[in-house]
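Each chain, letter by letter, is given below.
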Amino acid sequence: MTSCLTAVAAAVISFLVSNSASALGEPTKQHPRGMVRIPGGSFTMGTDDGYPYEAPAHRVKVRTFYVDRHEVTVAEFARFVKVTKYKTEAERFGWSGVFDTRQQIWTKCDGATWRRPDGPRKPAPKQDEPVTQVSWNDAQAFAKWAGKRLPTEAEWEYAARGGKDVLYPWGNEVSPGGRMMGNWWQGSFPEDDTGKDRYKGRAPVGKFKPNGYGLFDMGGNAWEWCQDWFAEDTYAKSPGIDPRGPKTGEERVIRGGSWMCSLNYCRGFRVSARSHSSPDTGLNNMGFRCAWSAPGRTARTSGTPVKR
Ligand SMILES: [Ca+2]
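Residues numbered from 1 in each chain as written. Predicted model: local features only at pLDDT ≥ 70, side-chain atom pairs only at ≥ 80, totals over all residues.

A. Highlighting the overall build of the protein. Secondary structure assignment for the protein yields five helices and eleven strands. Counting across all 308 residues of the protein, residues that qualify as buried make up 50%. Across the protein, every contact between residues at least 6 apart in sequence was considered, and the portion connecting residues at least 24 apart equals 74%. (Helix = DSSP H or I, 4+ residues; strand = E, 2+ residues; numbered from the N terminus. Buried ≥ 20, exposed ≤ 12 C-beta atoms within 10 Å, placed from the backbone. Contact = placed C-beta atoms within 7 Å.)

B. Up close: the sheet that holds strand β1 (residues 35-38). Strand order in the open sheet formed by three strands is β1-β4-β11, with antiparallel pairing between adjacent strands. Every other strand in the sheet has two partners, leaving β1 and β11 (291-292) as the edge strands with one partner each. Alignment of strand β4 (residues 65-68) against β11, held across two bridges, turns out to be antiparallel. Residue Tyr66 lies in a different strand from β11, and its bridge partner there is Trp292. In the packing of helix α5 (residues 153-161) onto the sheet, the strands contacted are β1, β4 and β11, and the crossing angle to β4 comes to about 75°. (Pairing = 2+ DSSP bridges. Axes fitted to C-alpha atoms, helices over the stretch in contact; angles between N-to-C directions.)

C. Examining the environment of Ala143 more closely. Inspection of the secondary structure puts Ala143 in helix α4 (residues 136-145). Considering only alpha carbons, one finds Ala143 and Ala291, 148 residues apart in sequence, at a separation of 8.3 Å.

D. Molecular detail of the sheet that holds strand β7 (residues 223-229). An order of β9-β8-β7-β10 is seen for the four strands of this open sheet, with the pairing classed as mixed. A single partner strand is all that each edge strand has here, and the edge strands are β9 (274-277) and β10 (286-287). In this sheet, β9 lies alongside strand β8 (residues 252-255) in antiparallel orientation, the contact comprising four bridges. Paired with Val253 across the strands is His276, a residue of β9. This element, α5, spans β7 and β8 of the sheet and lies at about 140° to β7.

E. Main features of the nonpolar core. Counting residues in hydrophobic clusters, the biggest one holds 69 residues, and the most contacted among them are Phe77, Ala139, Phe142, Leu150 and Ala159. With six residues, the single largest contributor to this core is α4. What Ala159 contacts, discounting residues up to four positions off in sequence, is Ile38, Val67, Pro151, Tyr213, Leu215 and Met218. (Core = buried A, V, L, I, M, F, W, Y, C linked by C-beta atoms within 7 Å.)

F. Inspection of the environment of Met180 at higher detail. With respect to the element layout, Met180 can be found in the loop between α5 and β7. Owing to 20 C-beta atoms within 10 Å, Met180 belongs among the buried residues under this scheme. Placed 16 residues apart in sequence, Met180 and Lys196 show a C-alpha to C-alpha distance of 7.7 Å.

G. Up close: α5. Most of α5 is tucked away, with nine of its nine residues classed as buried. Of the positions making up α5, those classed as buried are Glu153, Ala154, Glu155, Trp156, Glu157, Tyr158, Ala159, Ala160 and Arg161. Backbone geometry just downstream of α5 places Gly162 in the positive-phi region, at approximately 65°.

H. Here's a closer look at unusual backbone geometry. For the peptide bond that leads from Ala55 to Pro56, omega is -5°, which places it in the cis range. Locating Pro56 in the fold gives a position in the loop between β2 (41-45) and β3 (58-62). With omega at 5°, the peptide bond leading from Phe189 into Pro190 counts as cis. By secondary structure assignment, the location of Pro190 is in the loop between α5 and β7.

Listed below in structure tokens is the structure:
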């Protein structure tokens, strides 16, 4: 891995056995409140100026869809759990991956769950923080319950760009005029996070200016699960219209970077940045947001199509 998700994390976590999501209750929402309509169109996905697996830059067309205005929060996930009694994979396994900022390494942390993402002896997260320590399978379960689905990787990048050909969700400068535009790691990773953006670790959602589509935290805060399987050569094989990635794989795409991403390391908060993780992995810098398509426009990636 070339991102903030280190090989240590991969080695610790990859041997876990995937489990399918639990049976869930009926969707409770039929209208995409809290979602933003993203008008369909064409854009240039990827870049020829990043890591090799971000290339080639290529034209992609996506259909109109909706996406959550902000990352799914702890409070929102708690409502899902309260209704469904859902147990996340980290809860069932008894441990999850936590980046220890003092030791500067990924650790296998007993008792780390979405309720205590940094470990059982660390403070509980704020209710308006992005929920983390949720696996792709957990995120799928939430999305299905909510009558939504995860965004495809192409939808995610299209949304992150905010209708513009930009390097970051907020523009081409990382901190225009010295202004911090997202929650990432200032200073040298992993030695020192200066917290110039006011947050060391996760920030409540919506604390920074939204992008051109009105979406918050598309760069930084928490990595976000996408629907697609990950492959380094995905773009070379893109069908060009509503691409959905490889048919099979071992890891799922994550996008957007996190509070751990720095300029000296992965710069995961660039709109073209890609990373990946196995579907049963939870980490304290990885969450998600959901997407939704109008009936009749849903396709293979749909969770539960919503009827009006
Ligand atoms: Ca920060």
